[in-house]
Amino acid sequence: MAAGYYTTSTAFLEALAEAGVRYIFANLGSDHPGLIEAFAQAKAKGREDAYPRLVVCPHETVALSAAHAYAMVTGEPQAVVVHVDAGTQNLGGAVNNAARGRVPVLIFAGMAPYTQEGELPGGRNEFIHWIQDVRDQRGILRGYVKYDNEIRTGRNVKQLVHRALQIARSEPAGPVYLVGPRETMEEPIEPYAVRREAFTAVAPAALAGEIAAEIAAALAGARHPLIVTSYLGRDPAAVTKLVELSKLLAIPVVESMAYHVNFPADHPMHAGYQFHSVAQNPVLAQADAILAIDSDVPWIPSVNRPSADAVIFCVDMDPLKPAMNMWHIPARRFAAANSRIALEQIAQVVRDNELGDADAVRARWAEASRAHDAEIAEREKREQQPGDGTVTPEYLTACVRRLLQDSDALVLTEVVTNSKTVAEHLRANKPGSVLHHGGGSLGWAGGAAVGAKLAAPERTVVSLVGDGSYLFGVPSSAHWVARRYGAPALTVIYDNRGWAAPRFSTLQVHAHGAAAAADDFHVSFEPEVDLPGVAAAASGAYGVTVTDPEELPRVLQDALAVVHGGRSAVVSVHLPPV
Ligand SMILES: Cc1ncc(C[n+]2csc(CCOP(=O)(O)OP(=O)(O)O)c2C)c(N)n1
Ligand SMILES: [Mg+2]
């Protein structure tokens, strides 16, 4: 062992540790001898704990999804290390999720060596080094990352890591991508330090005073004010501020494509969930002043839109969404601000100026409370066991809710066509207790459950997933990682033996077409996959498939007990087939 061994790879790992990264979710290759050696050198010196822990992930989707969920739970970016172009491409849709979910994560990939005659340490010595030398490796991720760069020397690799993480953390947060060729990662350098405190995230932005005043006046003066949000709950403190403002003026809140708990489900001002709208939401139609805050899709205008006279305000950390080619809502003002601060400012204007008519506020509160109570009663009816021997998604979700009542569980959802049902019947009230990737690529929950458990080892992690989503998540890889790193979770599969979503989409466009007439959508998973069996084979997980609604509560309890005992459990619940 070289006494003074210190390379770019050493400094890279040190910088990650200095930045607070605790885990490197890694899938390794011929580009990583520098990192592997740096880890081994540290271990030999008894300094292993000075670096982040390396978590071996047999599939890259699992690695990035784990880092994604870890960042959602803690706010802290982690690192993902993948193999050149191949591993980068295998990140697949997980990088769409990280980008759209606005989660910070540092992705690093090696690059094929750039010398071939033995000129430099790390130069080409395997055939694959020619094959993997592609023209634009960084281009693979450029549509999804906030920043990409190549590490060209170890002498400033720490600055690059800290700069990349500073960009990743700053709102709107997102993934960043660094690449480094083998020769660079092997470069011997002198140990050095940088001032990590000089790379903090950009401070959160407030609304301009006159905009806060304008929004406050519009909401207070409206007959039917409304707030629509999707991801404000990423910051639990923002939920508190939303509850305060809602109470102050009796403003109902609609959650649209929600991927956090943005507002307590049982709060009388909770006015319901919008997902794949197929009809006009009367609450949205009635509103005359709307604050759309932290939302990518506050409504789907072709089927569900506010009235043309409604005064709309868009407040968002990312109000114009330039990363989407087409995006617009007809707002009077667009303002870039942190939602917690903006809501506090608006509430302050209301209080300071005693805005709002007290009688109108009281009347609105009473009316919204009545509507909320009626809605909850309706939902409770829908979740009764049907009595025909089938399990409905409503009944299943109510069973899960009762199972987790009074617990501090973290629930990950990836239930696609059952998203609205799960939101309505899970009735989550605690900010931060339900997570969804916020993106467009299925297969997140498998790896995400590992990341969530590592982020909060004291909490029970429960994933609710569609059968298709479960398979997209490379369950063999995800469950193996969960076992190896002591991150057990309960997975409940909403198993309709196929993909309901493409069927739904086809019917939305061709309601009376040939596919509808023949019921021919190519979405069935017959013959059936033994879904829990995949996890059992990969990791010894407890697995069971349930068809009987009577048995369901007990099976879920048994499975949860297994998880509390330290072993993962997968319960696949047969719903009516697609
Ligand atoms: C990686 C990826 N591939 C394909 C799709 C397209 N897609 C959207 S929903 C869906 C079906 C999901 O099936 P499942 O999880 O069982 O939910 P269900 O539709 O049955 O409710 C598919 C294939 C996608 N979103 N992401
Ligand atoms: Mg399905």
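Notes on the structure follow.

The rules behind the values
- Note that residues are indexed from 1 along each chain, following the sequence as it is written.
- Chains and ligands are labelled by the order in which they are written, letters from A for the one and numbers from 1 for the other.
- Totals for whole chains, interfaces and linings use every residue, but because this is a predicted model, local features are given only for residues with pLDDT of at least 70 and side-chain atom pairs only at 80 or more, for both listing and counting.
- Heavy atoms throughout the structure, all of them, feed into the side-chain values; hydrogens and water do not.
- Starting at the N terminus, helices and strands are each numbered in turn, a helix being any DSSP run of H or I of at least four residues and a strand any DSSP run of E of at least two.
- The reference for a compact globule is 2.2 Å times residues^0.38; the radius of gyration itself is calculated from the C-alpha atoms.
- Burial classes: relative accessible area under 20% of the type maximum marks a residue as buried, over 50% as exposed, and values in between as partly exposed (1.4 Å probe, protein chains only).
- Any two residues having at least one pair of non-hydrogen atoms within 4.5 Å are treated as being in contact.
- All accessibility values rest on the Shrake-Rupley procedure with a 1.4 Å probe; residue burial counts only the protein chains present in the view.
- Charged residues are defined narrowly, with Lys and Arg counted positive, Asp and Glu counted negative, and His plus the chain ends left uncounted.
- A charged residue contributes its charge at one atom only: NZ of Lys, CZ of Arg, CG of Asp or CD of Glu.
- We call two N or O atoms a polar contact when they sit within 3.5 Å, provided that within protein one can donate a hydrogen and the other can accept it, with sequence-adjacent residues counted only if both atoms are side-chain atoms.
- The near set for a molecule or strand comprises every residue that places at least one heavy atom within 4 Å of it.
- The residue classification treats Ala, Val, Leu, Ile, Met, Phe, Trp, Tyr, Cys and Pro as nonpolar and Asp, Glu, Lys and Arg as charged. All others, Gly included, are polar.
- Sites may look incomplete, because water is not among the atoms used; the donor set itself consists of N, O and S atoms within 2.8 Å of the metal (3.2 Å for Na, K and Ca).
- Note on method: axes are straight lines fitted to C-alpha atoms, helices fitted across the in-contact stretch only, with angles between N-to-C directions ranging 0 to 180 degrees.
- For a crossing to be left-handed, the near helix must be turned anticlockwise from the far one by less than a right angle; the clockwise case is right-handed.
- At least two bridges found by DSSP between two strands is the condition for calling them paired.

Broken down by element type, the protein carries 22 helices and 18 strands. Expected size for 578 residues packed as a compact globule is a radius of gyration near 25 Å; at 25 Å, the protein falls within 12% of this value. The principal-axis extent of the C-alpha atoms belonging to the protein is close to 80 × 60 × 50 Å. Evaluated residue by residue, the protein yields a buried proportion of 56% over its 578 residues. Relative to all contacts within the protein whose residues are 6 or more apart in sequence, the contacts with residues 24 or more apart total 78%. Of the accessible surface of the protein, which amounts to about 23,600 Å², a share of 53% is contributed by carbon and sulfur atoms. Looking at the protein, you have 49 positive and 63 negative side-chain charges, and the mean spots of the two groups are 4 Å apart.

Below, the discussion takes up the side chain of arginine 379. Considering the arrangement of structural elements, one finds arginine 379 in helix α13 (residues 358-382). With relative accessibility at 3%, the residue arginine 379 sits in the buried group. Here glutamate 424 takes part through its backbone oxygen, which lies 3.3 Å from a polar atom of the side chain of arginine 379. In contact with arginine 379, other than residues within four places in its own chain, are Tyr273, Glu424, His425 and Arg427.

The subject of this paragraph is the site of ligand 1. For ligand 1, the set of nearby residues contains 16 residues, the closest of which are Thr417, Asp467, Gly468, Ser469 and Ala501. The contact in question runs from an oxygen atom of ligand 1 to an N or O atom on the side chain of aspartate 467, over 2.6 Å. Glycine 498 is positioned such that a nitrogen or oxygen atom in its backbone is 3.0 Å from an oxygen atom of ligand 1. Burial of ligand 1 by the surrounding chains reaches 77%, relative to a free accessible area of 580 Å². The set of elements that each furnish at least two residues to the shell around ligand 1 consists of α17 (467-472) and α19 (500-509). The leading source of residues in the shell around ligand 1 is α17, at 4 residues. Residues belonging to the shell around ligand 1 are distributed by class as follows: 7 nonpolar, 8 polar and 1 charged.

Attention now goes to the coordination of the magnesium ion (ligand 2). Summarising the metal site, the magnesium ion (ligand 2) is bound by the protein donors Asp467 (OD), Asn496 (OD1) and Gly498 (O), whose distances to it range over 2.0 to 2.1 Å. Within one chain, the residues donating to the magnesium ion (ligand 2) are spaced in sequence as D-x28-N-x1-G. Considered together, asparagine 496 and glycine 498 belong to a single accessibility category, that of buried residues.

The next point concerns unusual backbone geometry. At the junction of glutamate 171 and proline 172, the peptide bond is cis and its omega measures out at -10° in the coordinates. Examined against the element boundaries, proline 172 turns out to sit in the loop between α7 (157-169) and β6 (175-181). The linkage connecting glutamate 526 with the following residue, proline 527, adopts the cis geometry, with an omega of -5°. Its location among the elements puts proline 527 in the loop between α20 (514-518) and α21 (531-539).

What follows covers the packing of helix α1 (residues 8-18) against α7. Look at α1 against α7: their axes get within 8 Å of each other, and the N-to-C directions meet at 35°. The interaxial crossing formed by α1 with α7 has right-handed handedness. Between α1 and α7, the contacting residues are Thr8, Ala11, Phe12, Glu14, Ala15, Leu16 and Glu18 on the first element and Val157, Lys158, Val161, His162 and Leu165 on the second. Its residues assigned to classes, the contact of α1 with α7 comprises 7 nonpolar, 2 polar and 3 charged.

Attention shifts here to the environment of tryptophan 499. Tracing the chain through its elements places tryptophan 499 in the loop between β16 (490-495) and α19. Along the sequence, tryptophan 499 and valine 578 sit 79 residues apart, while their C-alpha atoms lie 6.8 Å from each other. Not counting the four nearest positions on each side in its chain, tryptophan 499 is found in contact with Gly468, Phe472, His522, Val523, Phe525 and Val578.

The next thing to look at is the sheet that holds strand β5 (residues 147-150). With respect to topology, 6 strands assemble into an open sheet ordered β2-β1-β3-β4-β6-β5, the strand pairing being parallel. Every interior strand has two partners, whereas the edge strands, β2 (53-56) and β5, have only one. Ignoring which end each strand starts from, the neighbouring axes of this sheet average 20° apart. When strand β4 (residues 105-111) meets β6, the two strands line up parallel, connected through 7 bridges.

Another aspect to go through is the pairing of strand β15 (residues 461-466). Most of β15 is tucked away: 6 of the 6 residues are buried. Burial of β15 is two-sided: the residues Val461, Ser463 and Val465 facing one way and the residues Val462, Leu464 and Gly466 facing the other way are all buried. In this sheet, β15 lies alongside strand β13 (residues 410-414) in parallel orientation, the contact comprising 5 bridges. Considered in β15, the bridge of leucine 412 is made with serine 463.

A few words on the sheet that holds strand β8 (residues 253-256). Read from one edge of the open sheet, 6 strands run β9-β8-β7-β10-β11-β12, paired in parallel fashion. Each edge of the open sheet is held by one strand with a lone partner, namely β9 (270-274) and β12 (333-336). Here the strands of the sheet are splayed against their neighbours by 20° on average, with no regard to which way each runs. With 5 bridges connecting them, strand β7 (residues 225-229) and strand β10 (residues 289-293) associate as parallel partners. Of the residues in β10, the one forming a bridge with leucine 226 is isoleucine 290.

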